[in-house]
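Below are the chains, spelled out letter by letter.
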Number of protein chains: 2
Amino acid sequence: MFDLIAFDADDTLWHSENTFAEAQENFRQIVAPYCDINEIEDSLHRIMVGNLGHYGYGIKGFTLSLIETAITMSEGRISAKEIQALLDQGKAMLAAEVHLLDHVPETLAKLAENYRLMVITKGDLIHQESKIERSGLREYFDFVEIVSDKTHQTYTTLLNRYQIIPSRFLMVGNSLRSDILPVIELGGHAVYIPYHITWAHEVVAISDEAEKGYFELADISLLPALLEGLQESRL
Amino acid sequence: MFDLIAFDADDTLWHSENTFAEAQENFRQIVAPYCDINEIEDSLHRIMVGNLGHYGYGIKGFTLSLIETAITMSEGRISAKEIQALLDQGKAMLAAEVHLLDHVPETLAKLAENYRLMVITKGDLIHQESKIERSGLREYFDFVEIVSDKTHQTYTTLLNRYQIIPSRFLMVGNSLRSDILPVIELGGHAVYIPYHITWAHEVVAISDEAEKGYFELADISLLPALLEGLQESRL
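Here we summarise the structure given alongside this text. Only a predicted model underlies this, so the values are computations on that prediction, with no experimental measurement involved.

Some remarks on the overall build of chain A
No. 1: Scanning chain A for helices and strands turns up 10 helices and six strands.
No. 2: Counting only C-alpha atoms and orienting by the principal axes, one finds that chain A spans roughly 70 × 35 × 30 Å.
No. 3: The burial tally for chain A puts 52% of its 235 residues in the buried class.
No. 4: Put simply, 67% of the contacts in chain A that link residues at least 6 apart link residues at least 24 apart.
No. 5: Per element, the accessible surface of chain A, about 10800 Å² overall, is 51% carbon and sulfur.

Right under this line is the structure:
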């Protein structure tokens, strides 16, 4: 049914966003004495998005943007010691243990028996490689692709490289923008697994999902059953 | 004779090291008032090498290491404004125009007629992609691979992925450590083109080169003639 199943990594295979949320909370406490606390989030967001073209995704660019925001918001009054704390935080994030989401290893082990599996993740090259190695999941994947962004063009290039027909490609991830919509657009299939527990839903009927163009699962453990269901509905 | 010819990018296709040298000179002037000027280079080198495991290669990690070195060497007395200057410098480096080395486009155009060509470069994903696009050289390459490091293992993985036999692979680059020695070690061929004009040598006789295990050229324009010479010596 599928020649290749690809998985996003951050917040699909392991926790990531929580680390950024903690780092932003720590950042807020560092800069709060210097500025209007209500403006921190907006400024940081504006600077981070403005820097994406230069820095791309990942912790190194995030840390550079935190330092820039701290200098801007404090009007240059932030101390070198406080900037050092932001550098230390960045290194701690890069070295942080990889915490897998529930059911990930056993689900991948099961799927790897019948499918070729791939990781498609964005961010800093060396950090993503390091997380994949440390995750203990490397053995389940035939291919690992670390990309600078996940657009229609990114997926087209990857499918060409691996000579996969879009209709026989399935992407699994937690981001509608990066993992789901561009894949649907080029004629592939996608399974959306929201990261936060409050966003999670039960499996819905396949016919309903087909209308939206993608499937939505509460967690990764439901993926093998979905694939079996699709197989049967096709017979 | 070769199924694939791969090129390093920084200081092989375009200038790069000169940008880092200028940035370090600028850095020296910023921190000089705060410390013993004779210790700047050693401290920076020590911190950069110590951070390679966290940051990998590239301008983002370089900039983070400059900030850390400035804070360390000034014992926390460096100002936020001066750190902002280092951030600005990093962005300027990322946005800097790509300056090709002499003879690069015409040589690649010539080689692309007869060979499949690849770029293998290390550094920040988004920055390397951006330089390749802006270089105007993209059309000559069948494949572009951006890697976090260039070890024996890196080349083995790439050759497996593209199903290339090492003896039919040629790597061209300016770094003995990254471009030449690991390729020779796995049974491939390599052409060393030193970056600095003072390191350059004329083409030497093929028999002499064969003993060293790699070829050395003064500049990339000599590569087609070397390949023709090899072809003839093989007949």
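Here's the deal with the side chain of Lys150(A)
Residue and element names in this part refer to chain A.
No. 1: Tracing the backbone through its elements, the reader meets Lys150 in the loop between strand E3 (143-147) and helix H7 (152-161).
No. 2: Residue Lys150 is classed as buried on the basis of its relative accessible area of 3%.
No. 3: A polar side-chain atom of Lys150 sits 2.8 Å from a polar atom in the side chain of Asp8.
No. 4: Once residues lying within four places of it in the same chain are set aside, the contact partners of Lys150 are Asp8, Ile120, Thr121, Lys122, Tyr155, Met171, Arg177, Ser178, Asp179 and Pro182.

Notes on the pattern of salt bridges
All names here are of chain A.
No. 1: Using the criterion set out here, one finds 22 salt bridges over all chains in the structure.
No. 2: Among the ionic pairs, Lys131 bridges to Asp10, the shortest N-O distance being 2.8 Å. You can see Lys131 sitting in helix H6 (residues 125-135) and its partner Asp10 sitting in the loop between strand E1 (4-7) and helix H1 (17-31), a full 121 residues away along the chain. In this structure, Lys131 and Asp10 share a single accessibility class: buried.

A few points about the interface of chain B and chain A
No. 1: Contact with chain B, which involves 35 residues of that partner, is made by 35 residues of chain A.
No. 2: Taken over both partners, the interface formed by chain B and chain A buries close to 2800 Å², and the fraction arising from carbon and sulfur atoms is 64%.
No. 3: On the chain B side of the interface with chain A, the three residues burying the most area are His54(B), Lys60(B) and Lys91(B), jointly 22% of the side's total.
No. 4: One can count six salt bridges joining chain B with chain A.
No. 5: The salt bridge involving Lys91(A) is made with Glu68(B); its shortest N-O contact spans 2.8 Å.
No. 6: On inspection of chain B and its partner chain A, the count reaches 10 residue pairs in polar contact (both at pLDDT 80 or more).
No. 7: Every element with two or more residues in the side of chain B that touches chain A is listed here: helix H2 (40-55), helix H3 (59-73), helix H4 (80-95), helix H6 (125-135) and strand E3 (143-147) of chain B.
No. 8: Here the residues of the side of chain B that touches chain A are counted per class, giving 18 nonpolar, 10 polar and seven charged.

Re the relation of the copies chain B and chain A
No. 1: In the superposition of chain B on chain A (RMSD 0.0 Å, axial shift 0.0 Å), the rotation amounts to 180°. Those values place the two copies in the arrangement expected of a two-fold rotation axis.
No. 2: Both copies present the same face, since 100% of the interface residues in chain B are matched by interface residues at the equivalent positions in chain A.

Considering the pairing of strand E5 (residues 189-192) of chain A
Within a regular strand, the side chains alternate between the two sheet faces.
Residue and element names in this part refer to chain A.
No. 1: Of the pairings in the sheet, the one linking strand E4 (residues 169-173) to E5 comprises four bridges and is parallel in character. Note on E5: the bridge partner recorded for Met171 is Ala190.
No. 2: With helix H8 (residues 176-185) bridging E4 and its parallel neighbour E5, the resulting β-α-β unit is right-handed.
No. 3: Bridge count for E5 against strand E6 (residues 215-216) is two bridges, and the pairing is parallel. Along E6, the bridge assignment pairs Val191 with Phe215.

A word on the side chain of Asp8(A)
No. 1: Along the chain, the position of Asp8(A) falls in the loop between E1 and H1.
No. 2: In contact with Asp8(A), not counting residues within four places along its chain, are Leu13(A), Ile120(A), Lys150(A), Met171(A), Val172(A), Gly173(A), Asn174(A) and Asp179(A).

A look at helix H7 (residues 152-161) of chain B
Residues and elements named next belong to chain B.
No. 1: Those residues of H7 not exposed but buried are Thr154, Tyr155, Leu158 and Leu159. Down the axis of H7, the smallest arc covering the buried residues is 125°, so these residues share one side. More than 90 degrees from the buried face of H7, the exposed residues found are Gln153 and Asn160.
No. 2: Close packing links the buried residues of H7 with strand E2 (117-122), E3, strand E4 (169-173) and helix H8 (176-185).
No. 3: Directly beyond the C-terminal end of H7, a positive phi value near 55° is found at Gln163.

Some points on the packing of aromatic side chains
What characterises a pair of aromatic rings is the spacing of the ring centres plus the angle enclosed by the ring planes.
All names here are of chain A.
No. 1: Scanning the entire structure with this criterion turns up 10 aromatic pairs over all chains.
No. 2: Between Tyr192 and Tyr214, the aromatic rings sit 6.0 Å apart at their centres with planes inclined by 85°, giving edge-to-face as the arrangement. Here Tyr192 is found in strand E5, whereas its partner Tyr214 is found in the loop between helix H9 (206-212) and E6, with 22 residues between them in sequence.
No. 3: Note on Tyr192: relative accessible area 10%, which makes it buried.
No. 4: Lying over the aromatic face of Tyr57, Lys122 brings its terminal NZ or CZ to 3.8 Å of the ring centre.

With respect to the nonpolar core
No. 1: Core analysis: the biggest nonpolar cluster contains 66 residues, and Phe7(A), Leu13(A), Phe7(B) and Leu13(B) have the highest contact counts within it.
No. 2: Once residues within four sequence positions are removed from consideration, Phe7(A) is found in contact with Leu13(A), Leu108(A), Leu111(A), Leu117(A), Met118(A), Val119(A), Ile120(A), Phe141(A), Met171(A), Val172(A), Ile220(A) and Leu223(A).
No. 3: Of all hydrophobic cores here, the second largest spans 50 residues; its members include Phe20(A), Leu66(A), Met73(A) and Val31(B).

A short note on the sheet that holds E1(A)
All names here are of chain A.
No. 1: Strand order across the open sheet formed by six strands is E3-E2-E1-E4-E5-E6, with parallel pairing between neighbours. At either margin of the open sheet sits one strand with a lone partner, and together these are E3 and E6.
No. 2: The sheet strands contacting H7 are strand E2 (117-122), E3 and E4, and the helix crosses E3 at an angle near 150°.

Procedures and definitions
Residues numbered from 1 in each chain as written. Chains lettered and ligands numbered in written order. Predicted model: local features only at pLDDT ≥ 70, side-chain atom pairs only at ≥ 80, totals over all residues. Heavy atoms only, no water. Helix = DSSP H or I, 4+ residues; strand = E, 2+ residues; numbered from the N terminus. Buried < 20%, exposed > 50% of the residue type's maximum accessible area, 1.4 Å probe, protein only. Contact = heavy atoms within 4.5 Å. Areas by Shrake-Rupley, 256 points an atom, 1.4 Å probe, with all protein chains shown as cover. Polar contact = N/O pair within 3.5 Å; in protein donor to acceptor, adjacent residues only side chain to side chain. Salt bridge = Lys/Arg side-chain N within 4 Å of Asp/Glu carboxyl O. Buried area = accessible area lost by both parts, 1.4 Å probe. Nonpolar A, V, L, I, M, F, W, Y, C, P; charged D, E, K, R; others polar. Least-squares fit on C-alpha atoms with pLDDT ≥ 70 in both. Pairing = 2+ DSSP bridges. Right-handed = clockwise from strand over helix to strand, strands pointing away. Arc of directions from axis to C-beta. Phe/Tyr/Trp six-rings, centres within 6.5 Å; stacked < 30°, edge-to-face > 60°. Lys NZ or Arg CZ within 6 Å of the ring centre and 35° of its normal. Core = buried A, V, L, I, M, F, W, Y, C linked by side-chain atoms within 4.5 Å. Axes fitted to C-alpha atoms, helices over the stretch in contact; angles between N-to-C directions.

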